[in-house]
Amino acid sequence: MSLANRMALASPQVRAVCVEANEFPHLSAQFRVRGVPHTVINRRSAFVGALPERDFVAAVLEGAGVLVEEPHEAPSGPSTEIT
Amino acid sequence: MAVIPEPVRQQLKDRFDTVLSGPVHLTLYTRPGSSRLILPAGVGCATCEDARQMAELLRDAAPEKVTLDLIDITRDPARATADEIYDVPTIAVGQNSEAPRIRFRGLPTGTEFPALIDAVERVSRMEHGLSEESVAALAKLTEPAEVMVFATPT
């Protein structure tokens, strides 16, 4: 979550929200949280686990619909679309 | 309830004395509490009192640099709507009160507490610490991006 906060400091377009998963079960259910950290970007894509900075930024760009030049694969599994 | 024990409180004061350089504004959005009762979503707030104590301890650790606004969203629903606050407690961290983009939804204990301290310090120093490559990549964002990170106390 520190990386998300740092991105919010670096870009005026980013808002970082750290959510206490147990306190808001409706949100955890809505975004299918099964493990933490569980990161959701623009409420439509998600990944589980901690990523290196470069991969985290790439995942945020992908989730925001920005074309990423290099393909990115999260070590803990590919990001998933939330339907 | 003492959310943060005295030794940690003192450590925080000592750390903030040396690390903070600029202003930090905390905004805590709450609803009148209901002690420890677990109530349906939208009714009461079991952790708002603890969150208030935590926010006040952060402010009191460096009162010359850290300011705090307490917003009761039942008394000021327009503010909650304007700031897009959907759940309480929410602690927002910024340099001023204008719609801070770093938020902690729920009581930030466990792994979230160090992240809150880190956010206060980084905002104070305006120091994101990301690589130039990451900053250049984030500059490609032309629309707002919300990054929600779910965590648990343990």
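In case you missed it, the structure is sitting above this.
So, here is what we can say about the structure in this document. As the structure is a prediction and not an experimental result, all values here were calculated from the model. Residue indices begin from 1 for each chain and proceed along its sequence in written order. Chain letters and ligand numbers both follow the written order, the letters beginning at A and the numbers at 1. Given that this is a predicted model, residues contribute local features only at a pLDDT of at least 70 and side-chain atom pairs are listed and counted only at 80 or more, while totals for whole chains, interfaces and linings are drawn from all residues. Excluded from the side-chain calculation are hydrogens and water; included are all heavy atoms of the structure.

1. Some thoughts on the overall build of chain B
- Secondary structure elements are defined from DSSP: runs of H or I of at least 4 residues count as helices, runs of E of at least 2 residues count as strands, and each element is numbered from the N terminus. Secondary structure summary: chain B contains 5 helices and 5 strands in total.
- When the helices and strands of chain B are listed from N to C terminus, the series reads α-β-α-β-α-β-β-α-α-β.
- A globule of 154 residues ought to have a C-alpha radius of gyration of about 15 Å, and chain B, at 16 Å, matches this closely.
- A principal-axis box enclosing the C-alpha atoms of chain B has dimensions of 45 × 40 × 30 Å.
- Within chain B, buried positions represent 51% of all 154 residues.
- Contacts were defined at the residue level, with two residues in contact if any of their heavy atoms lie within 4.5 Å. Across chain B, contacts joining residues at least 24 apart in sequence account for 67% of those joining residues at least 6 apart.
- Total accessible area on chain B stands at roughly 7400 Å², and carbon and sulfur atoms take up 54% of it.
- Once the 16 positive and 23 negative side-chain charges of chain B are each reduced to a mean point, those two points are 2 Å apart. Here the globule rule is a power law, 2.2 Å times the number of residues to the power 0.38, and the radius of gyration is based on C-alpha atoms. Each residue is assigned to one of three classes by its accessible area relative to the maximum for its type, calculated with a 1.4 Å probe on protein chains only: buried under 20%, partly exposed between the two thresholds, exposed over 50%. Working definition of accessibility: Shrake-Rupley area with a 1.4 Å probe, residue cover restricted to the visible protein chains. Note on charges: Lys and Arg go in the positive column, Asp and Glu in the negative column, and His and the chain ends are not counted at all. Lys charges are placed at NZ, Arg charges at CZ, Asp charges at CG and Glu charges at CD.

2. Digging into the packing of aromatic side chains
- Stacked, edge-to-face and tilted are the three classes for Phe, Tyr and Trp ring pairs, Trp counted by its six-membered ring, which pair at centre distances within 6.5 Å; planes under 30 degrees apart are stacked, over 60 edge-to-face, the rest tilted. Applying the stated criterion across every chain, the model contains 2 aromatic pairs over all chains.
- For the pair Phe 31 of chain A and Phe 150 of chain B, a centre-to-centre distance of 6.0 Å together with 50° between the ring planes defines the contact as tilted. Taken together, the positions of Phe 31 of chain A in the loop between helix H2 (25-30) and strand S2 (38-41) and Phe 150 of chain B in strand S5 (residues 145-151) put the pair across two chains. Comparing Phe 31 of chain A with Phe 150 of chain B shows no difference in burial state: the two are buried.
- Aromatic side chains Phe 47 of chain A and Phe 56 of chain A sit 5.4 Å apart centroid to centroid with 90° between the ring planes, which places their arrangement in the edge-to-face category.

3. Regarding the side chain of Glu 20 of chain A
- Its place among the elements puts Glu 20 of chain A in strand S1 (residues 14-20).
- Excluding anything up to four places from it in sequence, Glu 20 of chain A contacts Arg 105, Gly 106, Leu 107, Glu 112, Ala 151, Thr 152 and Pro 153 of chain B.

4. Some remarks on the packing of helix H1 (residues 2-10) of chain A against helix H3 (residues 53-63) of chain A
Residue and element names in this part refer to chain A.
- Packing of H1 against H3 leaves a shortest axis separation of 11 Å and a crossing angle of 65°. Seen from above, H1 lies across H3 with right-handed handedness. Residues Leu 3, Ala 4, Arg 6 and Met 7 of H1 form the contact with H3, whose own contacting residues are Glu 53, Phe 56, Val 57 and Val 60.
- Across the contact of H1 with H3, the residue classes break down as 6 nonpolar, no polar and 2 charged. Axis definition: a line fitted to C-alpha atoms, over the contacting stretch in the case of helices. Angles run 0 to 180 degrees between N-to-C directions. Working rule for handedness: look at the near helix, and if it is turned counterclockwise from the far one by less than a right angle, call the crossing left-handed; if clockwise, right-handed. Residues are grouped as follows: Ala, Val, Leu, Ile, Met, Phe, Trp, Tyr, Cys and Pro are nonpolar; Asp, Glu, Lys and Arg are charged; all remaining types, including Gly, are polar.

5. Observations regarding the packing of H1 of chain A against helix H4 (residues 112-125) of chain B
- As a packed pair, H1 of chain A and H4 of chain B sit with axes 10 Å apart at the nearest point and diverge in direction by 20°. The pairing of H1 of chain A with H4 of chain B is recorded here as roughly parallel in orientation. For the pair H1 of chain A and H4 of chain B, the crossing hand works out as right-handed. For the pair H1 of chain A and H4 of chain B, the contacting residues are Ser 2, Asn 5, Arg 6 and Leu 9 of chain A in the first and Ala 115, Asp 118, Ala 119, Arg 122 and Val 123 of chain B in the second.
- Grouping the constituent residues of the contact of H1 of chain A with H4 of chain B by class yields 4 nonpolar, 2 polar and 3 charged. Just so you know how the angles are binned, under 35 degrees is roughly parallel, over 145 roughly antiparallel, 65 to 115 roughly perpendicular, and the rest oblique.

6. Quick look at the environment of Leu 57 of chain B
Residues and elements named next belong to chain B.
- Tracing the chain through its elements places Leu 57 in helix H2 (residues 48-61).
- Spatially, the C-alpha atom of Leu 57 lies 16 Å from that of Thr 90, the residues being 33 residues apart in sequence.
- Setting aside chain neighbours within four positions, we find Leu 57 in contact with Ile 4 and Arg 9.

7. So, the pattern of salt bridges
- Take a side-chain nitrogen of Lys or Arg and a carboxyl oxygen of Asp or Glu: if they are within 4 Å of each other, that pair is a salt bridge. Under the counting rule described, the total for this entry stands at 14 salt bridges over all chains.
- For Arg 54 of chain A, the salt bridge is made with Glu 133 of chain B, and the minimal N-O distance between the two is 3.6 Å. Residue Arg 54 of chain A is located in helix H3, and its partner Glu 133 of chain B is located in helix H5 (residues 132-138); the two belong to separate chains.
- In this structure Arg 54 of chain A comes out as partly exposed when scored by relative accessible area, which is 44%.
- Between Asp 83 of chain B and Arg 79 of chain B there is a salt bridge whose closest N-O contact spans 2.6 Å.
- According to the relative accessible area criterion, Asp 83 of chain B is buried, its value standing at 8%.
- What emerges from the salt-bridge pattern is a single network uniting Glu 49, Arg 52 and Glu 56 of chain B.

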